[in-house]
Amino acid sequence: MRPTQKTAHFVLYTRHNQLPHARLGVVVAKRFAPRAATRNTIKRVARELFRTSALPPIDCVVRLSRAVNSKDGPATTMRLKAELRVELSRLFAAQVAAQARSVAPPPPSSP
């Protein structure tokens, strides 16, 4: 797998699969999200958005690539959840759009 998309906090790795549905893996390292509550929130948001997006049959691995907070502040906030939703939605929407471009018939040629 190679990275296909990257945002401020996440990297999305994708690969086509032979199944009729998409699959998801989420990697949240403790060094980027030191609190378990934060890691669980990230995974929960990723799974929720994955289920609601109509992805093609691909294997997706979402990896946290940058720290989202530290042990100093609260484990999760509404602002953090909103940022995560926006970024992950953007990643999944890009995959849906890429699939639509690859499946769409070529435009008719003019004589």
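The model shown is predicted, which means the values in this text are computed figures rather than measured ones.

A look at the pattern of salt bridges
Close approach of charged atoms allows side chains of opposite charge to pair.
Logical step 1: Inspection of the entire model under this criterion finds three salt bridges.
Logical step 2: A salt bridge links Arg-23 to Asp-59; its shortest N-O distance comes to 2.9 Å. In this pair, Arg-23 sits in strand 3 (residues 23-27) while Asp-59 sits in strand 4 (residues 58-64), placing the two residues 36 residues apart along the sequence.
Logical step 3: Linking Arg-79 and Glu-83 is a salt bridge whose minimum nitrogen-to-oxygen distance equals 2.5 Å. Residue Arg-79 and its partner Glu-83 are both found in helix 2 (residues 78-103); the two are separated by four residues, about one turn of the helix.
Logical step 4: Overall, the relative accessible area of 58% leaves Arg-79 in the exposed class.

Notes on the side chain of Asn-17
Logical step 1: With respect to the helices and strands, Asn-17 occurs in the loop between strand 2 (10-16) and strand 3.
Logical step 2: From its side chain, Asn-17 meets the backbone nitrogen of Leu-19 in a polar contact 3.1 Å long.

What about helix 1 (residues 36-52)?
Logical step 1: The end-to-end C-alpha separation of helix 1 is 24 Å, in line with the 24 Å expected for 17 residues at 1.5 Å each.
Logical step 2: Among the residues of helix 1, those classed as buried are Thr-38, Arg-39, Thr-41, Ile-42, Val-45, Ala-46, Leu-49 and Phe-50. Around the axis of helix 1, the buried residues are gathered within 160 degrees of arc, so they sit on the same side. Of the exposed residues in helix 1, the ones pointing more than 90 degrees away from its buried face are Arg-51 and Thr-52.

What counts, and at which threshold
Residues numbered from 1 in each chain as written. Predicted model: local features only at pLDDT ≥ 70, side-chain atom pairs only at ≥ 80, totals over all residues. Heavy atoms only, no water. Salt bridge = Lys/Arg side-chain N within 4 Å of Asp/Glu carboxyl O. Helix = DSSP H or I, 4+ residues; strand = E, 2+ residues; numbered from the N terminus. Buried < 20%, exposed > 50% of the residue type's maximum accessible area, 1.4 Å probe, protein only. Polar contact = N/O pair within 3.5 Å; in protein donor to acceptor, adjacent residues only side chain to side chain. Expected span 1.5 Å × (residues − 1). Arc of directions from axis to C-beta.

That is the geometry; function is a separate question.
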